[in-house]
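Residue-level listing of the chains:
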Amino acid sequence: MFEAKALSVDHKDLIHDITFDYYGRRMATCSSDQSVKVWDLSENGEWLCTSSWKTHSGSVWRVVWAHPEFGQVLATCSFDRTACVWEEQIADSSSAGAGPKSSVSGSHWVKRATLVDSRTSVTDIAFAPKHIGLHLATCSTDGYVRVYEAPDVMNLSQWTLMHEISCKNGCSCITWNPSRVHSPMIAVGIDAPSTSSGQLQIYELNETLRRWQRIENIVTISEPVHDVAFAPNLGRSYHTLAVASKDVRVFTLSPSRDAASQYSKLDIRQPAQFDEAASQIWRVEWNVTGTILASAGDDGCVRMYKANHLDNWRCIKVLKGDLTEAQSTAGSVLGTGTSQPIRDTPIWLSDVQQL
């Protein structure tokens, strides 16, 4: 059962990203109007805009929250070739007028750092899992993934460029593997026309050499990749990766150590592909346990997928853009699923009460 409501976010242009914080009680939106808005969930269940400010001089493509262990920290990336790090501070009498203020909480957001290494549009950003530390990865259309580290989490104005990874083609999206038992791993989506190096590339950090190495190219995807997302790993011996392109695909990556190599070998399998011939898929996202996958695409629907104990995937729910629930498509490996990219106001928020 779904409960859904429309929320007028009052952005002046297309909305490109919506993200929730760790606890799901705060939300941030970004838009081509160059602004970011932060929303808080009130006690009566209403979302209130508590902060709104201009962040960049171009369209803002993505906004992400850091883990709350590091404070209330946001990162944004933009067409203006920069990524910015923002920190929320509680306002006091001495800081009046400093930064975009919150109308409810009495706080304001301060720009702590601007990362200017990219020569072209920065298309995606992602904070590393908490156990790795305060690391931020960015990817851009110049074909580079850059990994930054904040050496002092109490001083977010200092970020060190630790690694610069050449992907050889324009990058569109990036995701960290959240697994604690595996070496740091990043998946990068490519939005260039079909290339020999693959539209999806997997990189692993060698802890001894302190260097990122491409360990896999997934060449079965020929269309530009719009989004990638590793599933939370709760005890599985393999990793699960969702890919948004012209369709939705789910891959499983089973690691094995090659004695002749310092890097992992991955046994890659594709248990599911949901063909969206009529629309592009723009976003994929997992639930907190990594058992349900949601997709959003051009047809104005959000679809949810789940696998059974035999790893057979099917569409279990469809939520249409007019807030009504559509008939789900019972499918096995090949089905249907999508939803509109987050491009317009108002936005729709839904809670899954029972699946």
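We now turn to the structure provided with this report. Quantities reported herein were computed from a predicted structural model and do not represent experimental measurements. (Residues numbered from 1 in each chain as written. Predicted model: local features only at pLDDT ≥ 70, side-chain atom pairs only at ≥ 80, totals over all residues. Heavy atoms only, no water.)

Notes on the nonpolar core
And then number 1: I125, F127, L134, L136 and W159 are the most contacted members of the largest nonpolar core, which totals 19 residues.
And then number 2: Not counting residues within four places of it along the chain, the set of residues in contact with I125 comprises R62, V64, A75, T76, C77, A83, L136, A137, T138 and I174.
And then number 3: Within the second largest apolar cluster, 18 residues are counted, among which are A126, A128, I174 and I190. (Core = buried A, V, L, I, M, F, W, Y, C linked by side-chain atoms within 4.5 Å. Buried < 20%, exposed > 50% of the residue type's maximum accessible area, 1.4 Å probe, protein only. Contact = heavy atoms within 4.5 Å.)

As for the pattern of salt bridges
And then number 1: Throughout the structure, instances matching the rule amount to 14 salt bridges.
And then number 2: Between E69 and K130 there is a salt bridge; the shortest N-O distance is 3.9 Å. With E69 in the loop between β6 (60-65) and β7 (73-78) and K130 in the loop between β10 (122-127) and β11 (135-140), this pair connects stretches of sequence that are 61 residues apart.
And then number 3: According to the relative accessible area criterion, E69 is exposed, its value standing at 52%.
And then number 4: For K130, a relative accessible area of 31% gives the class partly exposed. (Salt bridge = Lys/Arg side-chain N within 4 Å of Asp/Glu carboxyl O. Helix = DSSP H or I, 4+ residues; strand = E, 2+ residues; numbered from the N terminus.)

Topic: unusual backbone geometry
Note: most residues except glycine have negative phi, and most peptide bonds are trans.
And then number 1: Of note, D10 is a non-glycine position whose phi angle comes to about 65°, a positive value.
And then number 2: Structurally, the position occupied by D10 is in the loop between β1 (2-7) and β2 (15-20).

Considerations on the sheet that holds strand β12 (residues 144-149)
And then number 1: Pairing is antiparallel across the open sheet formed by four strands, whose spatial order is β10-β11-β12-β13. With one partner strand each, in any of the chains shown, β10 and β13 (160-166) form the two edges of the open sheet. Direction aside, neighbouring strands of the sheet carry axes that sit 20° apart on average.
And then number 2: Of the pairings in the sheet, the one linking β12 to β13 comprises six bridges and is antiparallel in character. By the bridge assignment for β13, R146 is matched with E164. (Pairing = 2+ DSSP bridges. Axes fitted to C-alpha atoms, helices over the stretch in contact; angles between N-to-C directions.)

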